[in-house]
Amino acid sequence: MLTRLKAKSERNLAKQICKVVLDHFEKQYSKELGDAWNTVRDVLISPACWQYAVLLNRFNYSFELEKNLHLKGYHTLSQGSLPYHPKSMQCYLSRTPDRMPSERHQIGNLKKYYLLNAASLLPVLALELRDGEKVLDLCAAPGGKSVALLQCADPGYLHCNEYDGLRFRWLKQTLESFIPQPLVDVIKVSELDGRDLGDAQPGTFDKVLVDAPCSNDRSWLFSSDSQKAACRISQRRNLPVLQIELLRSAIKALRPGGLLVYSTCTLSKAENQDVISEILNSYSNIIPVDIKEMARTCSRDFTFAPTGQECGLLVIPDKGKAWGPMYIAKLKKS
């Protein structure tokens, strides 16, 4: 009976996969990733084997929750071995596709944890946020990376920006759910076009995160409207143009000596390595920062594909390590 139910559920999931997108990815990623694409594809089209990490909220800590996670066999994200990993940021990973229930948003009550793809913490850790720094999260919705930044340190000023109206409201609600009132006073939430922010606030920030709009491989594979999916694919070639414009704005907003982290949740070389190469070729004052050490110390929890860049990492979904896709690149302004 259980086997029949499992088979039926797998058939239902298979029906939801958008063939237009899968065929497109098949052509591109089998070239870009080689043999690794077969495993990546199998994980991406099988939501039943996806994993969910649990990021604890230090502003509403629960000893019982942490004890429960230990009992369920969760482990912390490479604690202590990363070049930068503040003790205040506690994230628990499971090696099985276990998923904690989501907490409901309740005004006045802070949530105890945030569910996320563990790979999305790597851009946050790469930024190395310190107390008192001014930080810009240029494309901040739905807010998970902003919440993670605030688990790491107490910034002097955090500017969370999101241009899309619906996602902007989602960002505000996420921050309300996790951040206590005193900290809200050092956070600015704006709904500006990220491409204009550098001109509005030149040389202002110590750290800038650009988690850019991209071909979201996981969600695109499950597009319910195949016409909309085909339209997305045809417009996909325009994304690197937008990503480069956002990075140019971020570089303007960054002070000399400041750090910039660029990230996407796509495997696409055109939106990842090619975008960063274009930036490095265009600016004499932007220096790549070597982050290979992060890949070495995180290999227990993540599978990385070669990027050909010392400043860039690509997390690819793997069996038992179903995190990613996530591309991370780290740059410094001289």
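Residues numbered from 1 in each chain as written. Predicted model: local features only at pLDDT ≥ 70, side-chain atom pairs only at ≥ 80, totals over all residues. Heavy atoms only, no water.

Named according to an unreviewed UniProt entry, the chain is NOP2/Sun RNA methyltransferase 3 originating from Canis lupus familiaris. Here is the UniProt Sequence similarities (unreviewed entry) comment for the chain, exactly as written: "Belongs to the class I-like SAM-binding methyltransferase superfamily. RsmB/NOP family." For the chain, the Subcellular location (unreviewed entry) comment in UniProt is given as "Mitochondrion". (UniProt positions renumbered as here; feature names shortened; annotations may be inferred.)

Per the UniProt record, "binding site: S-adenosyl-L-methionine" (unreviewed entry) is annotated on Cys139, Ala140, Ala141, Pro142, Gly143, Gly144, Lys145, Glu162, Asp193 and Asp211. Position of Gly143 among the secondary structure elements: in the loop between β5 (134-137) and α6 (144-152). With residues up to four places along the chain from it excluded, the contact list for Gly143 reads Tyr114, Leu171 and Thr174. Along the chain, the position of Asp211 falls in strand β8 (residues 205-211). (Helix = DSSP H or I, 4+ residues; strand = E, 2+ residues; numbered from the N terminus. Contact = heavy atoms within 4.5 Å.)

The next point concerns the UniProt feature "active site" (unreviewed entry) in the chain. As annotated in UniProt, the feature "active site" (unreviewed entry) corresponds to Cys265 in the numbering used here. Here Cys265 shows up in the loop between β9 (254-264) and α13 (273-282). For Cys265, a relative accessible area of 23% puts it in the partly exposed group. Not counting residues within four places of it along the chain, the set of residues in contact with Cys265 comprises Cys214, Ser215, Asn216, Asp217, Pro325 and Met326. (Buried < 20%, exposed > 50% of the residue type's maximum accessible area, 1.4 Å probe, protein only.)

On to the sheet that holds strand β2 (residues 75-76). Taken together, the 4 strands give an open sheet; going across it, the order is β2-β3-β1-β4, and neighbouring strands pair in antiparallel fashion. The open sheet has two free edges, formed respectively by β2 and β4 (113-116), since each of these has just one partner strand. Judged from the 4 bridges that link them, strand β1 (residues 53-56) and β4 form a sheet pairing that is antiparallel. Looking at β4, one finds that Leu55 is bridged to Tyr114. (Pairing = 2+ DSSP bridges.)

Judged by nonpolar contacts, the single largest core of 49 residues is most densely connected at Leu33, Val210, Tyr262 and Leu267. Only α2 (19-33), α3 (36-44), β8, α11 (226-235), α12 (239-253), β9, α13 and β13 (326-333) provide two or more residues apiece to this core. When residues in this core are grouped by element, the largest group, 7 residues, is from α12. Not counting residues up to four positions away in its chain, the partners in contact with Leu267 are Tyr29, Glu32, Leu33, Trp37, Val40, Leu44, Asp217, Asn272, Leu314, Ile316 and Pro325. Counting 48 residues, the second-largest nonpolar core is a separate cluster that includes Leu77, Leu121, Leu129 and Cys152. (Core = buried A, V, L, I, M, F, W, Y, C linked by side-chain atoms within 4.5 Å.)

Attention shifts here to the pattern of salt bridges. This structure, assessed with the given rule, holds 23 salt bridges. In this structure, Glu162 and Arg167 form a salt bridge, with 3.8 Å as the shortest nitrogen-oxygen distance. Note that Glu310 is salt-bridged to Lys292, the shortest N-O span being 3.3 Å. With Glu310 in the loop between β11 (304-305) and β12 (312-315) and Lys292 in helix α14 (residues 292-298), this pair connects stretches of sequence that are 18 residues apart. The network of salt bridges with shared partners includes Glu26, Arg41, Asp42 and Lys319. (Salt bridge = Lys/Arg side-chain N within 4 Å of Asp/Glu carboxyl O.)

With that settled, consider the packing of α12 against α13. Between α12 and α13, the least distance of the axes is 10 Å, while the angle of their chain directions is 45°. One element, α12, and the other, α13, form an angle in the oblique class. Remark: the crossing between α12 and α13 carries right-handed chirality. Across from Pro240, Gln243, Ile244, Leu247, Arg248 and Ile251 in α12, the residues of α13 making contact are Val275, Ile276, Glu278, Ile279 and Ser282. (Axes fitted to C-alpha atoms, helices over the stretch in contact; angles between N-to-C directions. Parallel < 35°, antiparallel > 145°, perpendicular 65-115°, else oblique. Left-handed = near helix turned anticlockwise from the far one by under 90°.)

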